[in-house]
Number of protein chains: 2
Amino acid sequence: MQDVLIRKLEGFESLSDQDREALQSLMPKVRKVPARTDLIREGDAPEYVHLVLDGYACRYKMLPDGQRQIMAYLVPGDFCDLNVFILDQMDHNIGTISACQVVDIPRHAIDDITARYPHVTRALWWCALVDEAVLREWLVNIGGRPADHRIAHLFCELLLRLEAVGRVSGNSFDFPFTQPDIADTMGLSNVHVNRTIRELRALGLITLRQRTLTILDVERLKAYCNYNPNYLHLRNTRWGARRIIPWLSSGHGG
Amino acid sequence: MQDVLIRKLEGFESLSDQDREALQSLMPKVRKVPARTDLIREGDAPEYVHLVLDGYACRYKMLPDGQRQIMAYLVPGDFCDLNVFILDQMDHNIGTISACQVVDIPRHAIDDITARYPHVTRALWWCALVDEAVLREWLVNIGGRPADHRIAHLFCELLLRLEAVGRVSGNSFDFPFTQPDIADTMGLSNVHVNRTIRELRALGLITLRQRTLTILDVERLKAYCNYNPNYLHLRNTRWGARRIIPWLSSGHGG
DNA sequence: CGAGAGCTTGAGGTTTATCAAGTAGAGTGG
DNA sequence: CCACTCTACTTGATAAACCTCAAGCTCTCG
């Protein structure tokens, strides 16, 4: 189970045996967290860096009117708050979706390892930058695409991210998010999410039942929402080669 | 002009004279960039870190159908790509809105300074984390709020960010963004942006003419969109005290 | 002074939200 | 193990938010 992080990092940079051992030493004891439980809340001072080894969590904010906006899905191998430690208080919450296996890494452990293992440091940096790139793409997704493309895009992204940590088999993966979860992620109502998923099912693009999502035709689903995985900055995976942005010819001015 | 960065960083952490000198040394020569010009494009390899000293720029992506999504506004004192250097290619563009004064900082200069000045390093980290926090809040804004609140929220944020670098006088500041710019930022049509701004004007909340935005009643505008500045993580400013999140009582589970 | 872009407003259409109600599942306590 | 409860899922009907198209005006820039 601890190998998801190493597996993910090696999607970016080759690691030596020493690097791997150093990473292993970060996760001495794993903690079980039930589903639908907050790991850290808005206003808390960040002390530990949380790492998800198994299960799904999310980053979210609550608005004054009770609305929830989910800003990130955290899957096995993802750090919850790698880069928050300088800030004196959390400006958002992190909560589990399904039951999770989590490691709480004290800050000094991260400091120690980055002081001694430059490859690991680079790889952790890469994690943080990719998380931010994903956030940017989510903004594009919500701001610029209609509901059906939005949800299709989310499914494509999860497929690639989970594949990078070995959690996909036969284009199927665990999907414990409820339709209200998806609604609060995509800025849609749960009714509309339901109808949109029905549409994706009717088009023969996916099946979703008993918390398992299957992409029936990956290429067709990607084409459906114009999916471009460049923002994931994958290198050593089967999607890593995709580097061309054919429509990108004219930005403004220049 | 070079002092905007120092002024901004001191909003977070007190700097010594040596720290300030070190920061000054980062910006030996300033470059003028015309309005509506790209500083760096999707697909480019990031070489320099760009710092805006004067003028406005933005981070944006182009979609295959020609739609533009703006993901960040860069104002004086903002780094464009402080944290991108590990990634081998840009996944988005950065372009100016108005004419800008920009510094191109080579990577090694950042490395040198962070190796020797821990306070400066902390302050630069803080910049990067706040930029990410702003991005999260934009996601909340676009995903969770109606058009009028969205735009009001943007105006509140700009007021605070520009105030932190001394670019506000009498609740007025330079606003070179066009209505199409705002539309591509907020995920709205330019027609709807126009009507929404008309509404904010009619409510006596703002005036906007000749590229100058004036907030007529700051407290009322903030109340209008439930603005909470905690995500800016300001400390040494007049807004820094705001730390309470009154409605935050129940996340999920616990 | 001319051209292009931005601003403004109207009309009509599409997408998405809200309200409502019934069904199905999952978890809980006896 | 079963009944109960709560949440999620599903579908229909209606309403609101927002978009598109279109046209005229204004501003800015060359």
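Note that the structure is predicted; figures quoted are calculated from it, not measured. (Residues numbered from 1 in each chain as written. Chains lettered and ligands numbered in written order. Predicted model: local features only at pLDDT ≥ 70, side-chain atom pairs only at ≥ 80, totals over all residues. Heavy atoms only, no water.)

### As for the nonpolar core
Point 1. Residues Phe173 of chain A together with Phe173 of chain B are the most contacted members of the largest nonpolar core, which totals 191 residues.
Point 2. If we ignore the near neighbours within four places in the chain, the residues touching phenylalanine 173 of chain B are Tyr56, Phe155, Leu158, Leu159, Leu162, Arg167, Val168, Arg211, Thr212, Leu213 and Ile215 of chain B. (Core = buried A, V, L, I, M, F, W, Y, C linked by side-chain atoms within 4.5 Å. Buried < 20%, exposed > 50% of the residue type's maximum accessible area, 1.4 Å probe, protein only. Contact = heavy atoms within 4.5 Å.)

### A word on the relation of the copies chain B and chain A
Point 1. Between chain B and chain A, which share one sequence, the superposing operator has a rotation angle of 180° and an axial displacement of 0.0 Å; the RMSD is 0.0 Å. Expressed as an axis order, the relation between the two copies is that of a two-fold axis. Residue leucine 139 of chain B of chain B places its C-alpha closer to the rotation axis than any other residue of that unit, at 2.7 Å.
Point 2. Same-surface contact between copies: 100% of interface residues of chain B are shared with the interface of chain A. (Least-squares fit on C-alpha atoms with pLDDT ≥ 70 in both.)

### Regarding unusual backbone geometry
Point 1. One non-glycine residue, histidine 233 of chain A, lies in positive phi territory at about 50°.
Point 2. Accessibility expressed as a relative area gives 1% for histidine 233 of chain A, which makes it buried.

### Quick notes on the sheet that holds strand S8 (residues 172–174) of chain A
All names here are of chain A.
Point 1. One open sheet accounts for three strands, arranged S8-S10-S9; its pairing is antiparallel. Taken across any chain shown, the strands that pair with only one partner, and hence form the sheet edges, are S8 and strand S9 (206–209). Across the sheet, the mean angle separating the axes of adjacent strands is 15° when strand polarity is ignored.
Point 2. Sheet analysis places S8 next to strand S10 (residues 212–215), joined by three bridges and oriented antiparallel. Following the sheet pairing, aspartate 174 is matched in S10 by threonine 212.
Point 3. Seen against the sheet, helix H5 (residues 147–163) touches S8, S9 and S10 and runs at an angle of roughly 85° to S8. (Pairing = 2+ DSSP bridges. Helix = DSSP H or I, 4+ residues; strand = E, 2+ residues; numbered from the N terminus. Axes fitted to C-alpha atoms, helices over the stretch in contact; angles between N-to-C directions.)

### Observations concerning the domain arrangement of chain A
Residue and element names in this part refer to chain A.
Point 1. For chain A, the assigned domains read domain 1 (3–117) and domain 2 (130–232).
Point 2. Look at where the C-alpha atoms of domain 1 and domain 2 centre, and you get two points 22 Å apart.
Point 3. Contacts between the two partners involve 20 residues from domain 1, matched on the other side by 23 residues from domain 2.
Point 4. Of the roughly 1900 Å² buried where domain 1 meets domain 2, counting both sides, 52% is carbon and sulfur surface.
Point 5. Broken down residue by residue, the surface that domain 1 buries against domain 2 is led by Tyr56, Arg68 and Tyr73, which jointly contribute 38%.
Point 6. For the pair domain 1 and domain 2, the number of links is five salt bridges.
Point 7. Residue arginine 161 is joined to aspartate 78 by a salt bridge in which the shortest nitrogen-to-oxygen separation is 2.8 Å.
Point 8. Listing elements by their share of the side of domain 1 that touches domain 2, those giving two or more residues are helix H1 (3–10), strand S3 (48–54) and strand S5 (68–74). (Domains from an automatic or database assignment. Buried area = accessible area lost by both parts, 1.4 Å probe. Salt bridge = Lys/Arg side-chain N within 4 Å of Asp/Glu carboxyl O.)

### Quick look at the environment of isoleucine 142 of chain A
Point 1. On the secondary structure map, isoleucine 142 of chain A appears in helix H4 (residues 118–144).
Point 2. A relative accessible area of 6% means that isoleucine 142 of chain A is categorised as buried.
Point 3. Setting aside residues no more than four positions away along its own chain, isoleucine 142 of chain A makes contact with Gln69, Arg150, Thr185 and Met186 of chain A together with Leu139, Ile142 and Gly143 of chain B.

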